[in-house]
Amino acid sequence: MNIKIADTRFVGTAHDSLMPLDEVAFAGRSNVGKSSLINALLKRKRLVKTSKQPGKTRNVNFFRVDLVGLPSLYMVDLPGYGYAKVSKKAREEWAHVINSYLEKTRDLKLVFLLLDIRRDPRDEEFYAVAMAKDIGVPCILVATKADKLSASIRRNRLLAIGRALGIQPVACSALTGMGLDTLWKAILFSRLKKTDTSE
Ligand SMILES: Nc1nc2c(ncn2[C@@H]2O[C@H](COP(=O)(O)OP(=O)(O)OP(=O)(O)O)[C@@H](O)[C@H]2O)c(=O)[nH]1
Ligand SMILES: [Mg+2]
């Protein structure tokens, strides 16, 4: 896939001041690798801050991506859920931030739901899949940190996760670049489809 990126930049944490463009959101548990995946897709090392300390991303962060020969879009880094040490208040705040994003967005074309390839899906993942279905946005399951496993264990994990959630995951690694091409194809395809069916 020959995607040419002309420019990428952080443009804010709220829709209010932004011009409308297609959005692709990255959702998933804290520390699963959302920010790293955006950096990898955009071939940038430190556009999005990553951290060994979970719960780093608290806001909805918009990154504008200008592509050569294709319309611009936003990659939307959502705050990570399910960090065990976070208080009830922080969890409620998280739900509020996500819900107000979903209420405001008009241009969400695709959700990447990230899950660490070594972990089994839990309530939050089932909930996120159901929510995407509810709002009518295609959801692609991304099994992150696939570089941590050998090929045979990786295959077994993908099958197990796929069986549990009813969606076949794409194995990805921000480190080796595995799966990134497939994600770019999904981004391009989701935008084409919407354009075709618009009035
Ligand atoms: N081996 C490996 N490590 C990864 C990969 N992606 C992310 N990591 C590591 O996982 C940790 C968390 O990555 P982040 O990208 O900050 O995770 P996040 O989902 O944005 O986390 P929050 O912002 O807290 O929700 C960092 O130490 C990353 O270096 C990957 O593909 N392979
Ligand atoms: Mg992050």
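Below is a summary of the structure that appears in this document. Computed from a predicted model, the values in this text were never measured in an experiment.

So, how was this worked out
- Residues numbered from 1 in each chain as written.
- Chains lettered and ligands numbered in written order.
- Predicted model: local features only at pLDDT ≥ 70, side-chain atom pairs only at ≥ 80, totals over all residues.
- Helix = DSSP H or I, 4+ residues; strand = E, 2+ residues; numbered from the N terminus.
- Rg over C-alpha atoms; globule rule 2.2 N^0.38 Å.
- Buried ≥ 20, exposed ≤ 12 C-beta atoms within 10 Å, placed from the backbone.
- Contact = placed C-beta atoms within 7 Å.
- Pairing = 2+ DSSP bridges.
- Axes fitted to C-alpha atoms, helices over the stretch in contact; angles between N-to-C directions.

## Some points on the overall build of the protein chain
Phase 1: Looking only at helices and strands, the protein chain has 5 helices and 7 strands in total.
Phase 2: The linear arrangement of helices and strands in the protein chain, starting from the amino end, is β-β-α-β-β-α-β-α-β-α-β-α.
Phase 3: Taken against the 2.2 N^0.38 rule, which gives 16 Å for 199 residues, the C-alpha radius of gyration of the protein chain at 16 Å falls within 12% of a compact globule.
Phase 4: Along the longest, intermediate and shortest principal axes, the C-alpha atoms of the protein chain span 40 × 40 × 35 Å.
Phase 5: Across the 199 residues of the protein chain, 35% fall into the buried class.
Phase 6: For the protein chain, long-range pairs separated by at least 24 residues make up 74% of all intrachain contacts whose partners lie at least 6 apart in sequence.

## With respect to the environment of Val 111
Phase 1: Mapping Val 111 onto the fold places it in strand 5 (residues 108-116).
Phase 2: Classification of Val 111 as buried rests on a count of 26 C-beta atoms within 10 Å.
Phase 3: It is 8.8 Å that separates the C-alpha atoms of Val 111 and Glu 23, two residues lying 88 residues apart in sequence.
Phase 4: Not counting chain neighbours up to four residues away, the residues in contact with Val 111 comprise Ala 25, Ala 27, Ala 132, Val 137 and Cys 139.

## Here we look at the sheet that holds strand 7 (residues 170-171)
Phase 1: The sheet built from 7 strands is open, its strands ordered 1-3-4-2-5-6-7 with mixed pairing. Whereas interior strands pair on both sides, the edge strands pair on one side only; in this sheet they are strand 1 (5-12) and strand 7.
Phase 2: Here 5 bridges tie strand 2 (residues 22-28) to strand 4 (residues 70-77), and the two strands are oriented parallel to one another. Looking at the pairing, Ala 25 lines up with Val 76 of strand 4.
Phase 3: Packed on one face of the sheet, helix 3 (residues 123-135) meets strand 2, strand 5 and strand 6 (139-144) and runs near 170° to strand 5.

## Points about the environment of Val 60
Phase 1: Within the element layout of this structure, Val 60 appears in the loop between helix 1 (34-41) and strand 3 (61-67).
Phase 2: For Val 60 and Ala 171, which are 111 residues apart along the polypeptide, the C-alpha to C-alpha distance reads 25 Å.
Phase 3: With residues near it in sequence (within four places) discarded, Val 60 still touches Thr 13, Val 76, Leu 78, Pro 79, Val 97 and Tyr 101.

The quantities given are spatial measurements derived from coordinates; they are silent on function.
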